[in-house]
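Structural features, examined
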Amino acid sequence: MTEQNMARNSRSGRTASPAEADQRSKIDRLRALRLNDEAARQAAGIWGEMSIGEITHRPTGEVFIYAWKGREAPDLVTLPGKRTTVKRAAEHVQLVEWLLKHEMEGFEITLLAWSLSETEAARQQQARLAEHRAAGVAVVNAVAG
């Protein structure tokens, strides 16, 4: 291929097609929405580094609502050997005892929320616990906010 043909086929020298422009516009709009949401959450004091998830033991239907630092869901297999990153160490101990009671089998974790302040994570955890108790679900933890 000659240099002239290579230059003609180069993306840098050509303008964006309407489809590419629409895609870029969509990405820019979504980014603006995300940034506005983050700013609103920060202003409301609910932005932070906490996540909350629901750990379900499928065979028994028992549920444990757990809050932790970071966005990645905890690895339930390695959790018993780790120290908690949450201020509620007793809750972590309770979770580990529950996991070991069922020999680490049949568990499923669902991420419910992330990027929460510790206060907001505790509020959402309490709300989810109350919701499950009202529905008659077997809740393992009953932390006080």
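What you see is a predicted model, and the numbers here were worked out from it, not measured in a lab. (Residues numbered from 1 in each chain as written. Predicted model: local features only at pLDDT ≥ 70, side-chain atom pairs only at ≥ 80, totals over all residues. Heavy atoms only, no water.)

**Brief notes about the overall build of the chain**
When its secondary structure is counted, the chain shows 4 helices and 3 strands. Helices (α) and strands (β) of the chain occur, in sequence order from the N terminus, as α-α-β-β-α-β-α. The burial tally for the chain puts 29% of its 145 residues in the buried class. Taking the contacts inside the chain whose residues are at least 6 apart along the sequence as the reference set, 62% of them involve residues at least 24 apart. For the chain, the exposed surface amounts to about 9500 Å²; the carbon and sulfur share of it is 53%. (Helix = DSSP H or I, 4+ residues; strand = E, 2+ residues; numbered from the N terminus. Buried < 20%, exposed > 50% of the residue type's maximum accessible area, 1.4 Å probe, protein only. Contact = heavy atoms within 4.5 Å. Areas by Shrake-Rupley, 256 points an atom, 1.4 Å probe, with all protein chains shown as cover.)

**Some thoughts on the nonpolar core**
Formed by I55, F64, Y66, W68, L76, L79, L95, W98, L99 and F107, the largest nonpolar core amounts to 10 residues. Residue assignment for this core shows that the elements contributing at least two residues are strand 2 (62-69) and helix 3 (89-101). Of all hydrophobic cores here, the second largest spans 9 residues; its members include M50, V63, L116 and A121. (Core = buried A, V, L, I, M, F, W, Y, C linked by side-chain atoms within 4.5 Å.)

**Quick look at helix 4 (residues 118-134)**
An ideal rise of 1.5 Å per residue puts 24 Å on 17 residues; helix 4 measures up with 24 Å between its terminal C-alpha atoms. When helix 4 is considered as a whole, its buried residues turn out to be E120, A121, A122, Q125, L129 and H132. Where helix 4 terminates, the next one or two residues include G136, which has phi positive at roughly 80°. (Expected span 1.5 Å × (residues − 1).)

**Some points on the packing of aromatic side chains**
Within the structure shown, the criterion is met by 4 aromatic pairs. Ring centres of F64 and W98 lie 5.8 Å apart, and the angle between their planes is 25°; on these two criteria the pair is classed as stacked. Here F64, found in strand 2, pairs with W98, found in helix 3; they are 34 residues apart in sequence, far enough to count as distant. For the pair F64 and W98, a shared accessibility class is recorded, and that class is buried. Here the aromatic cluster, defined as three or more aromatic residues joined through ring pairs, consists of F64, Y66, W68, W98 and F107. (Phe/Tyr/Trp six-rings, centres within 6.5 Å; stacked < 30°, edge-to-face > 60°.)

**Comments concerning the side chain of H132**
By the element assignment, H132 lies in helix 4. Those residues in contact with H132 that sit more than four places away from it in its chain are E54, V63, I65, V137 and V139.

**A short note on the pattern of salt bridges**
Taken as a whole and judged by the stated rule, the model has 6 salt bridges. Between R128 and E131 there is a salt bridge; the shortest N-O distance is 3.4 Å. With a gap of 3 residues between them, R128 and E131 both fall in helix 4, about one helical turn apart. Exposure remark for R128: the relative accessible area of 25% places this residue in the partly exposed category. On the accessibility criterion, E131 (46% relative accessible area) is partly exposed. Overlapping salt bridges bring together E54, R128 and E131 as one network. (Salt bridge = Lys/Arg side-chain N within 4 Å of Asp/Glu carboxyl O.)

**Quick notes on the confidence of the model for the chain**
Per-residue pLDDT for the chain averages 82, and the proportion of residues at 70 or more is 80%. In the predicted structure, residues 4-9 sits below a pLDDT of 50 and forms 2 contacts with residues beyond four places in sequence or in another chain. (pLDDT = per-residue confidence, 0-100.)

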